[in-house]
Amino acid sequence: MGIDVLEAKISIKDAQKPEKMKTEADWRYRQNASQFARLGYDIAGSLSAEMLARATEDDAVVHAVTGSVRCLEAKISGRIGFVVSVAGSVGLTCQSCGAEFEMPVNSRSVIHVAQDAAQLASWEDEAFECVEANEKTSALELVEDELLLSIPYVPRCQKCDAADAPRTHEFS
Ligand SMILES: [Zn+2]
């Protein structure tokens, strides 16, 4: 309880200084998911390979990646939430021929915030992404998750991908 009150105070302080440069500590700051959905929340910037350590575990090389987490400015069907985006390029190694190749990344997800477990359960069958309000996470984790979703489980270069997909028409 005491920690929650302290976090609320820190959040208000941050919200009053939107011009402040976001630091690595801001990206790593873990807080309730509901805090990312509060009006005015906005963090954006470039992220280093060191910060994205989880994404580089499987030999992926992060060159230039920018990310952002922003509150939803308007509710969607009455639901609050936030938008996570990641863009840039990642160096991967083809699992078929061993060639290194660059894969552009440009991904964006809307994540809705459920007030409690009951609301989250009521959304279970819906197609949108959701999280419970009191689940702790950081802006960095959110962006990193978005990046990990963009990286194929078995990376393959364009050449191998085309060679092994006979049912796909090649237009180039
Ligand atoms: Zn290949």
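Note that this is a predicted model, so its numbers are computed, not measured.

## Concerning the nonpolar core
Side chains of nonpolar character tend, in soluble globular proteins, to be buried together. Counting residues in hydrophobic clusters, the biggest one holds 26 residues, and the most contacted among them are V65, V69, F82, V143 and L147. Counting only elements with at least two residues in this core, the list comes to helix 3 (34-37), strand 3 (61-71), strand 4 (81-93), strand 5 (100-114) and helix 5 (139-150). Among all residues touching F82, those that are not within four sequence positions of it are F36, A37, Y41, V69, R70, C71, L72 and I111.

## Overview of the pairing of strand 3
Pairing of strand 2 (residues 42-47) with strand 3 involves six bridges; the strand directions are antiparallel. What sits directly across from A44, in strand 3, is S68. In this structure, strand 3 lies alongside strand 4, joined through 10 bridges in antiparallel fashion. Bridge pairing links V65 to G88 in strand 4.

## As for helix 5
Here helix 5 is 12 residues long and its end C-alpha atoms lie 17 Å apart, about the 16 Å a rise of 1.5 Å per residue gives. Looking at the buried residues of helix 5, the elements they touch are helix 2 (24-28), strand 2, strand 3, strand 4, strand 5 and strand 7 (136-137).

## Overview of unusual backbone geometry
Glycine aside, negative phi is the norm for most residues, and most peptide bonds take the trans geometry. Even without being a glycine, S77 presents a positive backbone phi close to 50 degrees. Of note, S77 is situated in the loop between strand 3 and strand 4.

Rules behind the numbers
Residues numbered from 1 in each chain as written. Predicted model: local features only at pLDDT ≥ 70, side-chain atom pairs only at ≥ 80, totals over all residues. Core = buried A, V, L, I, M, F, W, Y, C linked by C-beta atoms within 7 Å. Buried ≥ 20, exposed ≤ 12 C-beta atoms within 10 Å, placed from the backbone. Helix = DSSP H or I, 4+ residues; strand = E, 2+ residues; numbered from the N terminus. Contact = placed C-beta atoms within 7 Å. Pairing = 2+ DSSP bridges. Expected span 1.5 Å × (residues − 1).

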